[in-house]
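Examining the three-dimensional arrangement
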Amino acid sequence: MKPTRLLILVLLFPCLVCAQRDLRYGDRAYDSQEYSAAIGFYHKAVSTTKSKTDQAHCFYQLGQCYQHLSNWEDAKVFYVKAKNAGIIDDHVYLHLAEVEQEHGDYNDALADYTEYKKRVPSDPAADIGIKACNDALSNVNETNRWKISNESQINTKYNDFCPTWSDKKHTSIIFSSKRTGQSGSKIDPVSGTQYSDLFEAKIGKNGKWSTPSTVQGDVNLPEANDGASCITKNGNHIFFTRCDQKKNEQLTCKIYYAEKQGNAWGSPVMIDFGLDAATLDSFNFRHPAVSVNEDVMVFSSDYSGTTGGEHSDLWISTFDAKTKTWSKPENLGSQINTNGREGFPYLADDGTLYFSSDGHGGLGGLDIYSAKKDPDSWKWYSPENMKTPFNSPADDFGIVFDGKKKKGFLTSNREGSKGADDIWMFYYEECSSALSGMVSDSIYHIPVHNAWVTLYGSDGTEYGVRTDANGNYKFQLKENVSYLINVFGDSANSTKAQRYFSLPEKEKGKLTTMGMTDCKDFIFDFEIQPIEEHDIVFPAVLYGLDSATLRPQSKDSLNYLYQLLIDNPSLVIEIDAHTDCRGSAEHNRDLSQRRAQACVDYLISKGIDQKRLQAKGWGEDHPLKFSNGVVLTEKYIDSKKTVQEREALHQLNRRTVFRVISNDYVDPKAPKRPAPQPVNVRKGSFDESGDEVPDNNGNGD
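First, a word on what this report is: a plain description of the structure on this page.

**With respect to the packing of helix 3 (residues 52–68) against helix 4 (residues 72–84)**
How two helices pack is summed up by the angle between their axes together with the distance between the axes. Following both chains from N to C, one finds helix 3 and helix 4 inclined at 160°, their axes separated by 7 Å at the closest point. Relative to helix 4, helix 3 is oriented roughly antiparallel. Judged by the twist between their axes, the crossing of helix 3 over helix 4 is left-handed. For the pair formed by helix 3 and helix 4, the contact residues are Ala56, Phe59, Tyr60, Leu62, Gly63, Gln64, Tyr66 and Gln67 on the first element and Trp72, Asp74, Ala75, Phe78, Tyr79, Lys81 and Ala82 on the second. Classifying every residue of the contact of helix 3 with helix 4 by side-chain character gives 10 nonpolar, three polar and two charged.

Have a look at this one:
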């Protein structure tokens, strides 16, 4: 061997040894979940090794370390380097897709999920990721009125996460943080920052938070991560997560319990769920959520039987008040759990389960889901993604509501965070929609004062208001409610002291705020009928030939009149029946009287008081008169040239109409303001004046 080559080998040998040593130390730190320490070793190893295989391995491991630390950008950089360096592990495409998805790069993630599916078709993770990316792309512009803002007064550049209310009035929160000022000073080898402690902050009347300080008592351990917590409704008990790593042992998390003692927390007690010490040390138990009655706990664990293998599922345990112990964990099943990670549960007062998962699809990383509780058991229906703004391409978890209010907090490392995980406030921006309009006289077109406008909501609410001197009315509307509007003319009056009634109509007066994303106001104007001495036409009433027997279709017409009387409970009306001039005058008067009475009898059978109804048969005595002065007399009709024309005019004379006699009827059994059926009103009405005359009632010939 030449001296020069020998010298090179001698000089390189220590570097090669160092590279192998750093690589070995990096792998050891990674296996112990000491990701921050592992990153340092891998960077040293990749800078000195000459092995392409070792370089690819270092790049891949660096990608995984940064992904575990939620550093998506650096994770992507090193996954790409690992792929370009020829890494033989096909999972690089899966993890690259995951960090691209978590960064919101959905199209790039789709391409890498698709490539991973080609290489590992048996892994369902590819299909879940592809579906999630497609869903995210289709909902990218979806909007709603939920808003979210960073609680910048609380957050730091370190991890601040998992808030929970710490008092009954919801004026203070306890949360976990890796900020400076903890109970200890050592560095967490997993994150490379300080260990997390529980901190408390109070909100003042001015809406500003106090400076967070460590929670008083024994719940913070100097060299452990004290994390996600849950405080019971009375504020006297706390359940929290503690992840304690002993020397040369695997990092594990357990759930602890402590009681309030004055202003501080007492000594915490580990909850063992009836499991032996070896089992407790072999698995993680974390993220407790306790029911209102403190008899049920839902938590996250990778306990034996977990659906996702090394990942975590949600489990449930019940409390035995006699023995003061929690039962062995039971898995919540495939309805909730997936092959991915499920964690950070929260139980609302009504039993609704909120949790985070990266196995149900979603926008990327951990997404927050909600699942309604079965009313008869501690089981839940299929979860629903809470979408934006609760979820983002990044990790979203640790949700808590402010009681039954539409606001609360969640944790996210989304764009806009101060550094790592931040606490975000969410709230619902109520829609201030209004309904307004004017009620006017359908004949004289003047405002109607004191008309009663009623609003019926699909949520069971009913509101009424009187129109002002200008005929105007106004209502404030609720969200996600359909409404029917009705105008009651009885007791209304205009500047002429005119009395009114309203006519039913099927299509007028409907509106809905269901599904509205943009707040808007509604305007509905109405016209109601003045009470005057003239006939009012309503839908055709048909009888048998030369008979007073109502045809079946006539009942629909009379139901219109029935609804009018229901809508206007003070009206007394007269039903007038007319015939044409053919036949004797005596016969026609008798026939028309029997027809009018048939209409009255039908309305009485429907429940209308007979005191509100009168029947009058006019026979041929009152032929129809048009507004231009033309009267359909026998002479006028006979002057027409064709049979068809004459027959049409006879048909117009055969009619059933009504008149309002008075509007002072008072039902002694009725409440002060009757609650009629929520029918609608129409604008205008037909009467016999004018050239527009409907095809109306006849003898049936």
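Still more to cover.
**Some words on the sheet that holds strand 24 (residues 452–457)**
Spatial strand order, 25-24-27-30: four strands in an open sheet with antiparallel pairing. On the outer flanks of this sheet lie strand 25 (462–466) and strand 30 (510–512), each paired with one strand and no other. With strand direction ignored, the average angle separating the axes of adjacent strands in the sheet is 25°. Sheet analysis places strand 24 next to strand 27 (residues 482–488), joined by six bridges and oriented antiparallel. When the sheet's bridge partners are listed, Gly457 is paired in strand 27 with Tyr483.

**Some words on the packing of helix 4 against helix 5 (residues 91–102)**
It is the contact of helix 4 with helix 5, at a shortest axis distance of 9 Å, that shows an interaxial angle of 155°. Taken together, the axes of helix 4 and helix 5 lie roughly antiparallel to each other. Our pair here, helix 4 against helix 5, has a crossing hand that is left-handed. Of the residues in helix 5, those touching helix 4 at Trp72, Ala75, Lys76, Tyr79, Val80, Ala82 and Lys83 are Val92, Tyr93, His95, Leu96, Val99, Glu100 and Glu102. Considered class by class, the residues forming the contact of helix 4 with helix 5 number nine nonpolar, one polar and four charged.

**A few points about the state of the cysteines**
For the structure shown, the criterion picks out two disulfides. Through a disulfide, Cys243 is tied to Cys253; the S-S separation comes to 1.9 Å. Residues Cys243 and Cys253 are joined by a disulfide whose S-S torsion is about 105°; by sign, that bridge is right-handed. Residue Cys243 is found in strand 7 (residues 237–244), and its partner Cys253 is found in strand 8 (residues 252–261); the two are separated by 10 residues along the sequence.

**Considering the pairing of strand 35 (residues 613–619)**
Note that strand 34 (residues 572–578) and strand 35 share six bridges and pair parallel. The residue of strand 35 that forms the bridge with Asp576 is Lys616. Note on the crossover from strand 34 through helix 10 (residues 585–605) to strand 35: the handedness is right-handed.

**Quick word on helix 9 (residues 554–567)**
End to end, helix 9 covers 20 Å across 14 residues, agreeing with the expected 20 Å (1.5 Å per residue, within 8%). For helix 9, every residue scored as buried is listed here: Ser554, Ser557, Leu558, Tyr560, Leu561, Gln563, Leu564, Leu565 and Asp567.

**Overview of the sheet that holds strand 19 (residues 384–385)**
Within a sheet, neighbouring strands are paired by backbone hydrogen bonds and run either parallel or antiparallel to one another. Spatially, four strands are ordered 16-17-18-19 in an open sheet, and the strand pairing comes out antiparallel. At either margin of the open sheet sits one strand with a lone partner, and together these are strand 16 (342–347) and strand 19. Where strand 17 (residues 353–357) and strand 18 (residues 367–371) come together, five bridges link them in antiparallel fashion. Among the inter-strand pairings, Tyr354 is bridged to a residue of strand 18, identified as Ser370.

**Some thoughts on the side chain of Asn284**
On the secondary structure map, Asn284 appears in the loop between helix 8 (277–282) and strand 11 (285–290). Asn284 sits in the buried class, given a relative accessible area of 10%. Only 2.8 Å separates the side chain of Asn284 from the backbone nitrogen of Cys253, close enough to count as a polar contact. When neighbours within four sequence positions are excluded, Asn284 is seen to be in contact with Leu251, Thr252, Cys253, Ser300, Ser301 and Asp302.

**Quick notes on unusual backbone geometry**
Put simply, Thr388 and Pro389 share a cis peptide bond, and its omega is 0°. Mapped onto the elements, Pro389 comes out in the loop between strand 19 and strand 20 (396–401). The phi torsion at Phe273 lies on the positive side, around 55°, for a residue other than glycine. Its place among the elements puts Phe273 in the loop between strand 10 (269–270) and helix 8.

**Thoughts on the packing of aromatic side chains**
What describes a pair of aromatic rings is the distance from one ring centre to the other and the angle between the planes of the rings. For the structure shown, the criterion picks out 32 aromatic pairs. Measuring from ring centre to ring centre gives 6.2 Å for Phe59 and Phe78, while their planes differ by 35°; the resulting arrangement is tilted. Of the two residues, Phe59 is situated in helix 3 and Phe78 in helix 4; the sequence distance between them amounts to 19 residues. Of the two residues, Phe59 and Phe78, both sit in the buried class. Stacked on the ring of Trp618, the Lys or Arg Lys616 has its end atom at 4.8 Å from the ring centre.

About the criteria used
- Residues numbered from 1 in each chain as written.
- Predicted model: local features only at pLDDT ≥ 70, side-chain atom pairs only at ≥ 80, totals over all residues.
- Heavy atoms only, no water.
- Axes fitted to C-alpha atoms, helices over the stretch in contact; angles between N-to-C directions.
- Helix = DSSP H or I, 4+ residues; strand = E, 2+ residues; numbered from the N terminus.
- Parallel < 35°, antiparallel > 145°, perpendicular 65-115°, else oblique.
- Left-handed = near helix turned anticlockwise from the far one by under 90°.
- Contact = heavy atoms within 4.5 Å.
- Nonpolar A, V, L, I, M, F, W, Y, C, P; charged D, E, K, R; others polar.
- Pairing = 2+ DSSP bridges.
- Disulfide = S-S within 2.5 Å.
- Right-handed = clockwise from strand over helix to strand, strands pointing away.
- Expected span 1.5 Å × (residues − 1).
- Buried < 20%, exposed > 50% of the residue type's maximum accessible area, 1.4 Å probe, protein only.
- Polar contact = N/O pair within 3.5 Å; in protein donor to acceptor, adjacent residues only side chain to side chain.
- Phe/Tyr/Trp six-rings, centres within 6.5 Å; stacked < 30°, edge-to-face > 60°.
- Lys NZ or Arg CZ within 6 Å of the ring centre and 35° of its normal.

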